[in-house]
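# Architecture at a glance
Below, each chain spelled out in residue letters.
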Amino acid sequence: MKLDYESSSISCSWAKRVLLRILPDYGLVLTVPKNFDRSRINKILEDNRNWIERHLEEQALNGSLGCPEDILPKNIAFEANGETWQVRYFEYPHIRLRLTSDSDSRGIQLAGDTSDHANCYRLLKQWLRDQDKRILLPWLEKLSDESGLRATRVQIKTQKSRWGSYSTRGTLSLNAALLFLPAPAVRYVLIHELCHTVHHGHSMQFWNLVRRLEPNYRQLNRETEEAHEKIPGWVRL
Ligand SMILES: [Zn+2]
């Protein structure tokens, strides 16, 4: 992410504290708050060495640790609107990989060199952003009509640490993975970012405006902070 964008955007990062976890498909995951002094990471790992080794060993024995690169999704389920898409892979080693999808049958086909997983993920993420545009943009438009709050520009990005952001230049960015959240949480994120079109920071006035549009904002905010584990592995890579 470019620095000029970073410096002029509102961070709605979900990481508020240092969190050390061992997740299926990922192994060891360390989450740190934005602006965290990364030189401290080695010490944190060293201090927790025993805990890490014990848990990694346990999970390896259970067989629940896998390598994310080896997992191609067979289904893609959007909790936001209940859609489930089936993904099928056709291996033709010498043909350039292509993705086609059919909205009637909710089927996705990847044909070509499917052993190139990085390329599969790239095409699936491109497809995901198209679905974001199809589902999230009209949703945002409806909320803009209802609230009178409107961003001049909207973009969908694969972001690692936030669900959305709003830049001083008037660009509202949404995380491509939002579709994996429940509908109330998605609606909350859209409202949160729309409120930044009026109040740039997280001031009292900002939260008052959020509350007017979504009285249950506290609980939903907590839910979104904890919901990043809903993002499938192939989206995070
Ligand atoms: Zn915010």
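Just above sits the structure.
Quick caveat: nothing in here was measured; it's all calculated off a predicted structure.

## Notes on the overall build of the protein
- Helix and strand counts for the protein stand at eight helices and nine strands.
- Buried residues in the protein amount to 43% of all 237 residues.
- Of the contacts made within the protein by residues no fewer than 6 positions apart, 55% connect residues no fewer than 24 positions apart.
- Of the roughly 13300 Å² of accessible surface on the protein, a fraction of 49% belongs to carbon and sulfur atoms.

## Some details on the side chain of S173
- Summarising the element assignment, S173 is placed in strand 9 (residues 171-175).
- At 2.9 Å, the side chain of S173 forms a polar contact with the side chain of Q155.

## Description of the sheet that holds strand 4 (residues 84-91)
- Taken in spatial order, the four strands make up an open sheet running 3-4-6-5, and their pairing is mixed. In this open sheet, the two edge strands, each paired with only one partner strand, are strand 3 (75-77) and strand 5 (98-102). On average, each strand axis in the sheet is tilted by 20° relative to the strand beside it, whichever way the strands run.
- Here strand 3 pairs with strand 4 via three bridges, running antiparallel. Residue pairing in the sheet places I76 in a bridge with W85 of strand 4.

## So, the packing of helix 5 (residues 183-195) against helix 6 (residues 204-213)
- Their axes nearest at 9 Å, the elements helix 5 and helix 6 cross at an angle of 140°. Taken together, helix 5 and helix 6 sit at an angle that is classed as oblique. The element helix 5 and its partner helix 6 pack so that their crossing is right-handed. Contacts from R187, Y188, I191, H192 and C195 in helix 5 reach F206, W207, L209, V210 and L213 in helix 6.
- The residue makeup of the contact of helix 5 with helix 6, split by class, is eight nonpolar, one polar and one charged.

## Considering the pairing of strand 9
- Taken across its five residues, strand 9 has five buried, putting it largely inside the fold.
- By the alternation rule, side chains of strand 9 split into T171, S173 and N175 and L172 and L174, which are all buried.
- With five bridges connecting them, strand 7 (residues 153-157) and strand 9 associate as parallel partners. Looking across to strand 9, one finds that R153 is bridged to T171.
- Bridging between strand 8 (residues 164-166) and strand 9 involves three bridges; their strand directions are antiparallel. When the bridges of strand 9 are listed, S165 appears paired with S173.
- Following strand 8, the chain reverses through four residues before pairing antiparallel with strand 9; G170 in that reversal takes a positive phi of roughly 90°.

## Some remarks on the nonpolar core
- Among the nonpolar cores identified, the biggest contains 50 residues, and I76, F78 and L128 are the most heavily contacted of them.
- Counting residues per element, the ones that place at least two in this core are strand 4, strand 6 (107-112), helix 4 (117-147), strand 9, helix 5, helix 6, helix 7 (217-226) and helix 8 (233-236).
- The dominant element in this core, judged by the number of residues it contributes, is helix 4, at 11 residues.
- Non-local contacts of L128, meaning those with residues more than four positions away in its chain, are made with F78, A176, L179, F180, W234 and V235.

## A look at the packing of helix 4 against helix 5
- Relative to each other, helix 4 and helix 5 sit at 60°, their axes nearing to 10 Å. Classed by the angle they form, the pair helix 4 and helix 5 counts as oblique. Classified by chirality, the crossing of helix 5 by helix 4 is right-handed. Touching L136, W139, L140, L143, S144 and S147 of helix 4 are A183, V186, R187, L190, I191 and L194, all from helix 5.
- The residue makeup of the contact of helix 4 with helix 5, split by class, is nine nonpolar, two polar and one charged.

Basis of the calculations
Residues numbered from 1 in each chain as written. Predicted model: local features only at pLDDT ≥ 70, side-chain atom pairs only at ≥ 80, totals over all residues. Heavy atoms only, no water. Helix = DSSP H or I, 4+ residues; strand = E, 2+ residues; numbered from the N terminus. Buried < 20%, exposed > 50% of the residue type's maximum accessible area, 1.4 Å probe, protein only. Contact = heavy atoms within 4.5 Å. Areas by Shrake-Rupley, 256 points an atom, 1.4 Å probe, with all protein chains shown as cover. Polar contact = N/O pair within 3.5 Å; in protein donor to acceptor, adjacent residues only side chain to side chain. Pairing = 2+ DSSP bridges. Axes fitted to C-alpha atoms, helices over the stretch in contact; angles between N-to-C directions. Parallel < 35°, antiparallel > 145°, perpendicular 65-115°, else oblique. Left-handed = near helix turned anticlockwise from the far one by under 90°. Nonpolar A, V, L, I, M, F, W, Y, C, P; charged D, E, K, R; others polar. Core = buried A, V, L, I, M, F, W, Y, C linked by side-chain atoms within 4.5 Å.

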